[in-house]
Amino acid sequence: MPSSYRIFGAEMSPYSVKVRSYARYKGLAHDWVNRGGENAAEYAKYAKVPIIPLVVTPDGAGLQDSTPIIERLEAAHPEPSIHPGDPALAFLSALLEEVGDEWGNKWMFHYRWRREVDQMASAGRIALSMNPSMNETAQTAIAEQIRARMVGRVWFVGSSDTTAQFIEDSFHDALAQLDAHLAVRPFLFGARPSFADFALWGQIYNMWTDPTPCAIIEARGQHVLAWIQRMLWPTAHGAFEAWQTLEPTLMPIVKDWAGGLFMPWTLANGRALALPDEEFEVKLRGFAWRQKPQKYHAKSLEALRAKYHVVKDRSVLDAILDTASVRKGLIA
Ligand SMILES: N[C@@H](CCC(=O)N[C@@H](CS)C(=O)NCC(=O)O)C(=O)O
């Protein structure tokens, strides 16, 4: 029986590097495994759905979906905890974990496949990662197939000619807010990484490996850049902070990302799935956002609501969530 976790992942998969960063922080012995080639049969044996990351535990259980994977590993290896001790902060971290996974992925996916320079760079790296010994002719041909397929799939996360400018503006705003927050602390909730750091970082680290968002981050987000590098091999520098010191720069993030973008979007997405509607429109900070509904999100919104409902004393948390226009969506 292997004594290590096996993480089937890829450098260009935000959810995979999220789990790897977590495993590194926790000091979990693990192998980083490519799902193709000689590992394909092992991947197929454990993967219930064809997505990465897949984690195979030392006792032979297969785990999928980065959020439940991390929750399961955290239960088995509770120290050092990725959850702030204050229940209000622990919930905010879980909320931003979800926002990072879902809205952060729009920024990442949009920039990766919007401009030719990013399409070429990304498709080339993906092709090479599938088979590093492939010759150049084969690599060019496969890269072109990947590029064509992915450019035709950006609508999936809601990226289109209509939403492109809005997605990019929302990233510029978010980068400025994140940079201000990380200017005076190494991680989102203080001096050690939280659940939220891993999810958001998976997306933003991937953006940093693509030409256009890399240039934006390097030009405008020096503290975000340092965090990107820190989160590759994260270590605890000290304790989590209290809400009082986090609030000045964290409240704008909770308000704008969770209250202004993620929550109204996920609620409208859920309504469209329930109807069902082919396409939905929702006002996000006054902008008319249109897209086809995304299936996965209904499930993760329910999981987030369940996390809200188990918080026993919600007095402090509810005041924060009301100010940020998030609470109504959690009790709807
Ligand atoms: N919600 C999942 C999403 C995982 C996911 O979408 N992974 C992508 C790569 S980033 C994937 O495997 N897509 C299918 C494929 O590559 O065949 C998680 O949190 O792990």
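The numbering scheme is per chain: residues are counted from 1 as the chain's sequence reads. Selection of residues for local features in this predicted model requires a pLDDT of at least 70, selection of side-chain atom pairs for listing and counting requires 80 or more, and totals for whole chains, interfaces and linings are taken over all residues. Hydrogens and water molecules were not included; the side-chain quantities draw on all heavy atoms of the structure.

## Quick notes on the pattern of salt bridges
The term salt bridge refers to a pairing of a side-chain nitrogen on Lys or Arg with a carboxyl oxygen on Asp or Glu at a separation within 4 Å. The tally for this structure, following the rule as stated, stands at 20 salt bridges. Arginine 20 is the partner of glutamate 11 in a salt bridge, and the nearest nitrogen-oxygen pair spans 2.8 Å. Classification of glutamate 11 by relative accessible area gives partly exposed; the value is 29%. Each residue's exposure class comes from its accessible area (1.4 Å probe, protein chains only) as a fraction of the maximum for that residue type: buried when under 20%, exposed when over 50%, partly exposed otherwise. Assessed through its relative accessible area of 6%, arginine 20 is described here as buried. Put simply, glutamate 71 and lysine 307 hold a salt bridge, and the shortest N to O gap is 2.7 Å. A residue pair is termed long-range when its members are at least 10 positions apart, and glutamate 71 in helix α3 (residues 66-76) and lysine 307 in helix α12 (residues 296-309) qualify at 236 residues. For glutamate 71, a relative accessible area of 30% translates into the label partly exposed. Here a strand is any run of E in DSSP of at least two residues, a helix any run of H or I of at least four, and the numbering for each starts at the N terminus.

## A closer look at the site of the ligand
A single heavy atom is enough: if one lies within 4 Å of a molecule or strand, its residue is considered near that molecule or strand. The environment of the ligand is formed by Ser13, Pro14, Tyr15, Arg35, Pro50, Ile51, Ile52, Pro53, Asp65, Ser66 and Tyr296. The contact in question runs from an oxygen atom of the ligand to an N or O atom on the backbone of proline 50, over 3.4 Å. Gly is put with the polar residues, along with every residue not named as nonpolar or charged; the nonpolar set is Ala, Val, Leu, Ile, Met, Phe, Trp, Tyr, Cys and Pro, and the charged set is Asp, Glu, Lys and Arg. Grouping the amino acids of the shell around the ligand by side-chain chemistry returns seven nonpolar, two polar and two charged. Under the rule applied, a polar contact is a pair of N or O atoms within 3.5 Å (in protein, one hydrogen donor and one hydrogen acceptor; residues adjacent in sequence only if both atoms are side-chain atoms).

## Here's the deal with the domain arrangement of the protein chain
Where each domain starts and ends comes from a domain assignment, either automatic or drawn from a database. If you check the domain split of the protein chain, you get domain 1 (5-76), domain 2 (87-112 + 158-331) and domain 3 (113-156). If you average the C-alpha positions of domain 1 and of domain 2, the two centres end up 23 Å apart. Using a 1.4 Å probe, buried area is obtained as the accessible area two parts lose upon being combined, added over both of them. Between domain 1 and domain 2, roughly 1700 Å² of surface is buried when both sides are summed, and carbon and sulfur atoms account for 54% of that area. Viewed at the interface, domain 2 and domain 1 are joined by four salt bridges. For the salt bridge of lysine 18 with aspartate 101, the shortest nitrogen-to-oxygen distance reads 3.0 Å. Where domain 1 touches domain 2, the interface holds 12 residue pairs in polar contact (both at pLDDT 80 or more). Mapped onto the side of domain 1 that touches domain 2, the elements with two or more residues apiece are α1 (14-26) and α3.

## A few points about the pairing of strand β1 (residues 5-8)
By the alternation rule, side chains of β1 split into Tyr5 and Ile7 and Arg6 and Phe8, which are all buried. Pairing between two strands is assigned when DSSP locates at least 2 bridges connecting them. Relative to strand β2 (residues 30-33), β1 runs parallel, the two being bridged by four bridges. Residue pairing across strands places arginine 6 opposite aspartate 31, the latter belonging to β2. Bridging between β1 and strand β3 (residues 54-56) involves three bridges; their strand directions are antiparallel. By the bridge assignment for β3, isoleucine 7 is matched with valine 55.

## A word on helix α4 (residues 87-114)
Here a helix's expected span is defined as the number of its residues, less one, multiplied by 1.5 Å. Compared with the 40 Å implied by 1.5 Å per residue over 28 residues, the 39 Å span of α4 between its first and last C-alpha is a close match. By the criterion of burial, α4 is predominantly enclosed, with 25 of the 28 residues buried. Measuring from the side-chain oxygen of the N-cap residue of α4 to the backbone nitrogen of alanine 88 gives 2.8 Å; that N-cap residue is aspartate 86.

## Overview of the nonpolar core
Nonpolar cores are built from buried Ala, Val, Leu, Ile, Met, Phe, Trp, Tyr and Cys residues. Side-chain atoms within 4.5 Å join them into one set. By size, the foremost hydrophobic cluster in this structure holds 91 residues, and its most contacted members are Leu92, Leu95, Leu178, Phe189, Ile217 and Trp227. Of the residues forming this core, the biggest block, 14 residues, is contributed by helix α11 (residues 243-274). Throughout, a contact is declared for two residues whenever any of their heavy atoms are within 4.5 Å. The residues touching leucine 95, leaving out its near neighbours within four places in the chain, are Val254, Ala258, Leu304, Leu321 and Val326. Grouped together as the second largest cluster of nonpolar side chains are eight residues, Val33, Tyr46, Ala47 and Ile52 included.

## Some remarks on the packing of aromatic side chains
Between 30 and 60 degrees the pair is tilted, below 30 it is stacked and above 60 it is edge-to-face, where a pair is any two Phe, Tyr or Trp rings, Trp via its six-membered ring, whose centres lie within 6.5 Å. For the structure on display, the rule yields 15 aromatic pairs. With 4.5 Å between their ring centres and 5° between their planes, phenylalanine 166 and phenylalanine 287 make a pair best called stacked. Of this pair, phenylalanine 166 sits in helix α7 (residues 164-182) while phenylalanine 287 sits in strand β6 (residues 287-291), and the two are 121 residues apart along the sequence. Accessibility expressed as a relative area gives 11% for phenylalanine 166, which makes it buried. With a centroid separation of 6.4 Å and 45° between ring planes, the pair formed by phenylalanine 262 and tryptophan 265 is classed as tilted. With a gap of three residues between them, phenylalanine 262 and tryptophan 265 both fall in helix α11, about one helical turn apart.

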